[in-house]
There are 2 protein chains.
Amino acid sequence: MKPKVTIEDIARLAGVSKATVSRVLNERSNVKAETRERVLRVMQEQGFVPSLAAAGLAGGRSRLVGVLTPPLTQPTIPEILRGVAEAIEHTDYEIVLYSTNASQNPTTIVNRILALGLTSCLLVIQPGPLTSRLQQLASQGLPVVVIDDQGSLPDLPSVGIDNRVSAYQATMHLIRLGYRRIAHLQGPDEFRCAQERYQGYQQALADAGLPLDPALVFSGTFETSSGRSCAATLASLSPTERPDAIFIANDQMAYGFLSAAEALGLRIPQDIAVVGFDDIPLSAHVRPPLTTIKQPFYEMGRNAVELLLSLLHAQWSQPASSTEGGHQPPIRIQLPTRLVMRASCGALTAHRRQEEEPSFSDD
Amino acid sequence: MKPKVTIEDIARLAGVSKATVSRVLNERSNVKAETRERVLRVMQEQGFVPSLAAAGLAGGRSRLVGVLTPPLTQPTIPEILRGVAEAIEHTDYEIVLYSTNASQNPTTIVNRILALGLTSCLLVIQPGPLTSRLQQLASQGLPVVVIDDQGSLPDLPSVGIDNRVSAYQATMHLIRLGYRRIAHLQGPDEFRCAQERYQGYQQALADAGLPLDPALVFSGTFETSSGRSCAATLASLSPTERPDAIFIANDQMAYGFLSAAEALGLRIPQDIAVVGFDDIPLSAHVRPPLTTIKQPFYEMGRNAVELLLSLLHAQWSQPASSTEGGHQPPIRIQLPTRLVMRASCGALTAHRRQEEEPSFSDD
DNA sequence: CTGTTAGCGCATTCAT
DNA sequence: ATGAATGCGCTAACAG
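Residues numbered from 1 in each chain as written. Chains lettered and ligands numbered in written order. Predicted model: local features only at pLDDT ≥ 70, side-chain atom pairs only at ≥ 80, totals over all residues.

Peer 1: Please set out the overall build of chain A residue by residue, giving values where relevant.
Peer 2: The secondary structure content of chain A amounts to 12 helices and 12 strands. Here chain A, with 363 residues, has 48% of them falling under the buried criterion. Across chain A, the fraction of contacts at a sequence separation of at least 24, relative to all contacts at a separation of at least 6, is 71%. (Helix = DSSP H or I, 4+ residues; strand = E, 2+ residues; numbered from the N terminus. Buried ≥ 20, exposed ≤ 12 C-beta atoms within 10 Å, placed from the backbone. Contact = placed C-beta atoms within 7 Å.)

Right, here's the structure in full:
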């Protein structure tokens, strides 16, 4: 079908041995400059591209990175993957995509991935239930990097954000706007990020000398429905009992809150100001547009790839580093977040800025 | 690091030759039932999974499907990819993801993909500029399937929708609601789907005995800004000149229209009813929620994979089918679309249904 | 039905 | 600095 150009062809045409061609490909050992150029030229002419499959097999070092993701329709994922793809683009690696749907056991998948022997390293988004398995693999020497946009922060190389500080900023923003009775809708306790965001909320109140009213702290599931029931609860309170603002631990719940609030006659932000967390694409387009903490998803993807590749290369350099965990201190890349101000927090009620008009990006 | 279990191990433990093990793996030739079971058992015990890389190399038939996509942040893509991933899931193939960003020449990428020799077939979403290159490859025998959510309908195996019929439905829906002066905002002429949608619009008017007023047909770019300028134009018309409804060729432009209309004081749907095309996730959440034609993106992904794999297997079965194009009739899978009624078309103004309330899905 | 023999395209020892 | 030989893990002809 397609007469693939092989190293052998190049070798013949350039009048050298296959080994030499391989040498100029991998730039490892020394090749006389003149020879190298000749080989390179022939490769150019023939449009030669080495077979990743064969190279991986022979060298034992596959240049495929496995990327394990939740369903791509989860709103945070595409932007992360865009960062991953862009970072990979600049390397000679390729992405093997393993997109899991909820119905399958992730551990099984991981095992299958590894057994296939295709990929030599793994990038995992939202590790969730398979954290322990990943830790085991990592300690056995498999380069693994975790992107924890949910902030699970396992004992693994990871990139993510500082949830505590970010939540602090969100809460403090409300405080600065003059709100005093500030509620919080938490994520589920199992998520470390939920705890951290709660801590940030607490800390902000404390620093501002505001009391922490347990009656104003609601527990949610990170899903839309939690937002709705929270809104219902607040709507049933008398205006004096009711908080004047709320920090909601993720945008998804905030959507539910907004939508239910509207139906229940609670005006946002006049009756209750809202700040969310994540800044997924929809957040700019709900009514009112949601003030929220922007997670740098794209950058998380990029950084994760860079970290993963550096781990991989480090492993290739140091051949016999203890088969069992060399127990390197787990690397953590923490990216800055940013408060995105929109209408839901009430900051723009006085003087709306054009930038914050509901407009849709042109792509 | 990880002592991979090889065929050789299995062969030794099961007391057979490597070839036999390979045979039970590929289920091609006959193996005595007893032997097969023994081998299978050993494989189970050892947790053996054959190396895709090696199998591909040796057999010349890689089980990796290359998937070429625009940036994942384009709103139609994640849902398509979800379908692709799910379909692949059920097979023993894996996905190699090539996500392109606008800045790179897609033809170069395609060449690189093929040269790598990793993948033996290609799934292309939104082929756009590289259609001719793909056709060439396909005629050389490379299994290629195109998902044309933009409806470019090349001379290649493809899955998509019937844009003409769908546009007809959209327009006819407005007509049935009683609108008589119905405008259309077109996509760019280069896109075949834009033409087809325009034809559907025309046909609907004709069938209803309504005149086609060229002054009510606007040309756009499929981007948000087109929607905005179109809205501006309509706002400048006197109420009698102004159309009472508009069919917009994609949702993206409809967003611009909605957003600008609001700013300009045009009420949707009271002043102008709007129907879009695509039904991307945002469409349920803009104000007012957008009535639109739903493209079955998920199913498109699934069907594309199935078609691609069937092509691939067909090729493996018929060994020497003309190196040059056997010129099979280009297969086309056409999936049904569906009109999703929301508020922007005015159909719900009288009796709103709960289903159409702005609510957010719980996932 | 099953074992034996060759490679797939490349990286990596050895030699020279 | 370069060539020759060996093998990665597997499939695909061959033989028997």
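Peer 1: Give a detailed account of the protein's contact with DNA strand D, specifying residues and quantitative values.
Peer 2: Near DNA strand D you find 27 residues, and of these Ala19 and Asn30 of chain A together with Ile7, Ala58 and Gly59 of chain B are the closest. Only α2 (18-26) and α4 (52-59) of chain A together with α2 (18-26) and α4 (52-59) of chain B provide two or more residues apiece to the surface near DNA strand D. Residues of the surface near DNA strand D, tallied by class, amount to 13 nonpolar, 10 polar and 4 charged. (Near = placed C-beta within 6 Å. Nonpolar A, V, L, I, M, F, W, Y, C, P; charged D, E, K, R; others polar.)

Peer 1: Residues and numbers for the interface of chain A and chain B, please.
Peer 2: Of the residues lining the interface, 52 residues belong to chain A; the matching set on chain B comes to 52 residues. Within the residue set of the side of chain A that touches chain B, elements represented by two or more residues are α4, α5 (77-89), β2 (94-99), α6 (106-116), α10 (224-235) and α11 (251-264) of chain A. A per-class count over the side of chain A that touches chain B returns 24 nonpolar, 17 polar and 11 charged. Direction of pairing for β2 of chain A relative to strand β2 (residues 94-99) of chain B: antiparallel, over a ladder of 3 bridges. (Pairing = 2+ DSSP bridges.)

Peer 1: Break down the pairing of strand β9 (residues 273-278) of chain A for me, citing the residues and quoting the values.
Peer 2: All names here are of chain A. With 6 of 6 residues buried, β9 is to be regarded as a mostly interior element. Note that strand β8 (residues 245-248) and β9 share 3 bridges and pair parallel. Bridge pairing links Ala245 to Ala273 in β9. Note that the unit made of β8, α11 and β9 has a crossover that is right-handed. (Right-handed = clockwise from strand over helix to strand, strands pointing away.)

Peer 1: So what about the protein's contact with DNA strand C? Which residues, and what values?
Peer 2: What surrounds DNA strand C is a group of 28 residues, the closest being Ala58 and Gly59 of chain A together with Ala19, Asn30 and Ala58 of chain B. Of all the elements in the fold, those that place two or more residues in the surface near DNA strand C are α2 and α4 of chain A together with α2 and α4 of chain B. A breakdown of the residues in the surface near DNA strand C according to their chemical character gives 13 nonpolar, 10 polar and 5 charged.

Peer 1: If you had to explain the nonpolar core to someone new, which residues and values would you point to?
Peer 2: Ranked by internal contacts, the top residues of the largest apolar core, which has 94 residues, are Val84 of chain A together with Val84 of chain B. Every residue in contact with Val84 of chain B, bar those within four places of it in the chain, is listed here: Val67, Ile95, Leu123, Gly301, Ala304 and Val305 of chain B. Within the second largest apolar cluster, 92 residues are counted, among which are Phe277 of chain A together with Ala167, Phe191 and Met253 of chain B. (Core = buried A, V, L, I, M, F, W, Y, C linked by C-beta atoms within 7 Å.)

Peer 1: I'd like a description of the sheet that holds strand β7 (residues 217-219) of chain B, backed by residues and values.
Peer 2: All names here are of chain B. Here we have 6 strands laid out as an open sheet, ordered β7-β6-β8-β9-β10-β12, and mixed in their pairing. Looking at which strands have only one partner, the edges of the open sheet turn out to be β7 and β12 (338-340). The average undirected angle you get between the axes of adjacent strands in this sheet is 20°. Against the sheet, helix α9 (residues 192-207) engages β6 (182-186), β8 (245-248) and β9 (273-278), with an angle of about 170° to β6. Packing of helix α10 (residues 224-235) onto the sheet brings it into contact with β6, β7 and β8, and relative to β6 it is tilted by some 150°. (Axes fitted to C-alpha atoms, helices over the stretch in contact; angles between N-to-C directions.)

Peer 1: Explain unusual backbone geometry to me, and be specific about the residues and the numbers.
Peer 2: Cis rather than trans, the peptide bond between Arg287 of chain A and Pro288 of chain A has omega equal to -15°. By secondary structure assignment, the location of Pro288 of chain A is in the loop between β9 and β10 (291-294). Cis peptide bonds are those with omega within 30 degrees of zero, and the linkage from Ile268 of chain B to Pro269 of chain B qualifies with 5°. Relative to the helices and strands, Pro269 of chain B is located in the loop between α11 (251-264) and β9. Not every positive phi belongs to a glycine, and Asp278 of chain A is a case in point at roughly 135°. In this structure, Asp278 of chain A sits in strand β9. We classify Asp278 of chain A as buried; it has 24 C-beta atoms within 10 Å. A positive phi angle is found at Glu27 of chain B, which is not glycine, with a value near 50°. Of note, Glu27 of chain B is situated in the loop between α2 and α3 (33-46).

Peer 1: An account of the relation of the copies chain A and chain B is needed here, citing residue identities and associated values.
Peer 2: Each copy of the sequence occupies a distinct position, and chain A is placed on chain B by a rotation of 180° and an axial shift of 0.0 Å, giving an RMSD of 0.1 Å. On the angle and the small slide along the axis, the relation comes out as a two-fold axis. Measuring from the rotation axis to each C-alpha of chain A, the shortest distance belongs to Val96 of chain A, at 2.2 Å. Residue by residue, 98% of the interface of chain A is reproduced at the interface of chain B, so both copies engage with the same surface. (Least-squares fit on C-alpha atoms with pLDDT ≥ 70 in both.)

Peer 1: Residues and numbers for the confidence of the model for chain A, please.
Peer 2: The predicted coordinates ought not to be read in detail in places where the model reports low pLDDT. Per-residue confidence for chain A gives a mean pLDDT of 89; residues scoring 70 or more make up 90%. Low confidence marks residues 350-359 of chain A, where pLDDT is under 50. Its contacts with residues over four positions away, or in another chain, come to 9 contacts. (pLDDT = per-residue confidence, 0-100.)

Peer 1: How would you explain the packing of helix α1 (residues 7-14) of chain A against helix α3 (residues 33-46) of chain A if you had to name every residue and give the values?
Peer 2: All names here are of chain A. Packing of α1 against α3 leaves a shortest axis separation of 9 Å and a crossing angle of 125°. Accordingly, the angle class assigned to the pair α1 and α3 is oblique. As α1 runs across α3, the sense of the crossing is right-handed. Residues Asp9, Ile10, Leu13 and Ala14 of α1 touch α3, and the partners they reach there are Arg38, Val39, Val42, Met43 and Gln46. (Parallel < 35°, antiparallel > 145°, perpendicular 65-115°, else oblique. Left-handed = near helix turned anticlockwise from the far one by under 90°.)

Peer 1: Break down helix α7 (residues 131-139) of chain B for me, with residues and values.
Peer 2: For the α-helix, the turn length of 3.6 residues means that residues three or four positions removed from each other point alike. All names here are of chain B. Among all positions of α7, only Leu134, Leu137 and Ala138 are buried. The buried side chains of α7 occupy one side of the element, clustering within an arc of 100° when seen end-on. For α7, exposure combined with an orientation more than 90 degrees from the buried face picks out Ser132 and Gln136. In this structure, the buried residues of α7 make contact with β3 (121-125) and β4 (144-147). (Arc of directions from axis to C-beta.)

Peer 1: An account of the sheet that holds β2 of chain A is needed here, citing residue identities and associated values.
Peer 2: Spatial ordering of the open sheet is given by β11(A)-β5(A)-β4(A)-β3(A)-β1(A)-β2(A)-β2(B)-β1(B)-β3(B)-β4(B)-β5(B)-β11(B), a layout of 12 strands whose pairing is mixed. Only two strands of the sheet have a single neighbouring strand rather than two, namely β11 (332-335) of chain A together with β11 (332-335) of chain B. Neighbouring strand axes in the sheet, compared pairwise and without regard to direction, differ in orientation by 25° on average. Direction of pairing for strand β1 (residues 64-69) of chain B relative to β2 of chain B: parallel, over a ladder of 6 bridges. Bridging from a neighbouring strand, Gly66 of chain B pairs with Val96 of chain B of β2 of chain B. Together, β1, β3, β4, β5 (158-161) and β11 of chain B form the strand contacts of helix α12 (residues 297-317) of chain B, whose direction differs from that of β4 of chain B by roughly 165°.

Peer 1: Talk me through α4 of chain A; I want residue IDs and the actual numbers.
Peer 2: Burial in α4 of chain A covers these residues: Leu52, Ala53, Ala55 and Gly56 of chain A. Against the buried residues of α4 of chain A lie β2 of chain A together with α4 and α6 (106-116) of chain B. Taken from the residues just after α4 of chain A, Gly60 of chain A is the one with a positive phi, measuring 75°.

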